[in-house]
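Chains, contacts and geometry: an overview
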Amino acid sequence: MNKIILCEGETDAILLSYYLGKVAGWKFCKKPPANIAIKPDAFEQSVNWYEKGDDRLLICAVGGKSSVRSFFKEKVLRPVVDAGAFSRIALVLDRDESEIKSIEDHASSVFKPVISTMRNNEWIPNKYTDAYGTEQMVEGLLVVIPTEHEGALETLMLDSIAEDSYDAVIVDKAGAFVTDMKTVASRYLGSRRSALKAHLGVTWAVQYPEKVFKLMNEQILSVKWEKSEILHKCFEQLEKI
């Protein structure tokens, strides 16, 4: 069976592919299924296939929360309706400053007419009518990160790093440093999200100074995320994809 995960950006896709590879056994696959041709058409998008036994998993970075609907309708909808391409569809979204209910309502609207109901951390069966007029079923999952409080993927990663008491001090001090820097570097840290990214970057610069000039994906792959209880709690349902 084929499954698909849609997430906001490349950082999400890298972390998910690493994490699901470690905890669920998914391995990168160069060759996609013969009947599915989904390709990125923008710099901020990515499409990568993974395999486990006879199952295939497609992880797509769509280029931001506002692009989820258009990415699905332009690239995923027809393969599902015409050929039942995916048996499970998961959507991973940053919580930011929103309430879970409002994110669930939004997620329940972006995959119509294939999926009309999505709930956080729960696989929901959805019925749809395929191109031949036959009723079909697909399961949908929403994963909001983090669930317990406002924030984004970087927040979840910082929470995971801070599970270790030694590293928790580094996370706290790095956050205090970035907060102080905002007063003199508003040109660079003017938004809540940019400050959050800086917080993670400073934390990594202290933990891995020899890797400070490496690309983001190399930084992500250097951390043993699979040992994190916080990530396991957040991705517990996604691990079942």
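So, here's what we can say about the structure. The structure presented is a predicted model; accordingly, all values stated were derived computationally and were not measured.

Considering the packing of helix H2 (residues 68-83) against helix H3 (residues 100-110)
It is at 9 Å that the axes of H2 and H3 come closest, and there the two elements cross at 20°. One way to sum up the angle between H2 and H3 is to call them roughly parallel. When the axes of H2 and H3 are compared, the crossing they make is right-handed. Within the contact between the two elements, H2 uses Val-68, Arg-69 and Phe-72 and H3 uses His-106, Ser-109 and Val-110. Among the residues forming the contact of H2 with H3, the class breakdown is three nonpolar, two polar and one charged.

Section: the sheet that holds strand S3 (residues 46-52)
Spatially, the seven strands line up as an open sheet ordered S2-S3-S4-S1-S5-S7-S6, and their pairing is mixed. The sheet is open, and its two borders are formed by strand S2 (27-29) and strand S6 (124-129), each paired with just one other strand. Recorded for the sheet is a direction-independent mean angle of 30° between the axes of neighbouring strands. Relative to strand S4 (residues 55-61), strand S1 (residues 2-7) runs parallel, the two sharing six bridges. Within S4, the residue paired with Asn-2 across the bridge is Arg-56. On the sheet, helix H1 (residues 10-24) packs against S1, S3, S4, strand S5 (88-94) and strand S7 (135-145) and is oriented at approximately 155° with respect to S4.

A closer look at the pattern of salt bridges
Evaluation of the coordinates by the stated rule reveals 16 salt bridges. The closest approach of N and O atoms between Lys-65 and Asp-96, which form a salt bridge, is 3.0 Å. Here the residue Lys-65 occupies a position in the loop between S4 and H2, and Asp-96 occupies one in the loop between S5 and H3, the gap between them amounting to 31 residues. The class for Asp-96 is partly exposed, based on a relative accessible area of 25%. One salt bridge in this structure joins Glu-154 and Lys-197, with 2.8 Å as the shortest N-O distance. With Glu-154 in helix H4 (residues 153-161) and Lys-197 in helix H6 (residues 192-207), this residue pair connects regions lying 43 residues apart in the sequence. Residue classification places Glu-154 among the buried residues on the basis of a relative accessible area of 4%. Classification of Lys-197 by relative accessible area gives partly exposed; the value is 43%. Three or more residues joined by partner-sharing salt bridges are found here, namely Lys-65, Asp-94, Asp-96, Glu-154, Arg-193 and Lys-197.

The rules behind the values
Residues numbered from 1 in each chain as written. Predicted model: local features only at pLDDT ≥ 70, side-chain atom pairs only at ≥ 80, totals over all residues. Heavy atoms only, no water. Axes fitted to C-alpha atoms, helices over the stretch in contact; angles between N-to-C directions. Helix = DSSP H or I, 4+ residues; strand = E, 2+ residues; numbered from the N terminus. Parallel < 35°, antiparallel > 145°, perpendicular 65-115°, else oblique. Left-handed = near helix turned anticlockwise from the far one by under 90°. Contact = heavy atoms within 4.5 Å. Nonpolar A, V, L, I, M, F, W, Y, C, P; charged D, E, K, R; others polar. Pairing = 2+ DSSP bridges. Salt bridge = Lys/Arg side-chain N within 4 Å of Asp/Glu carboxyl O. Buried < 20%, exposed > 50% of the residue type's maximum accessible area, 1.4 Å probe, protein only.

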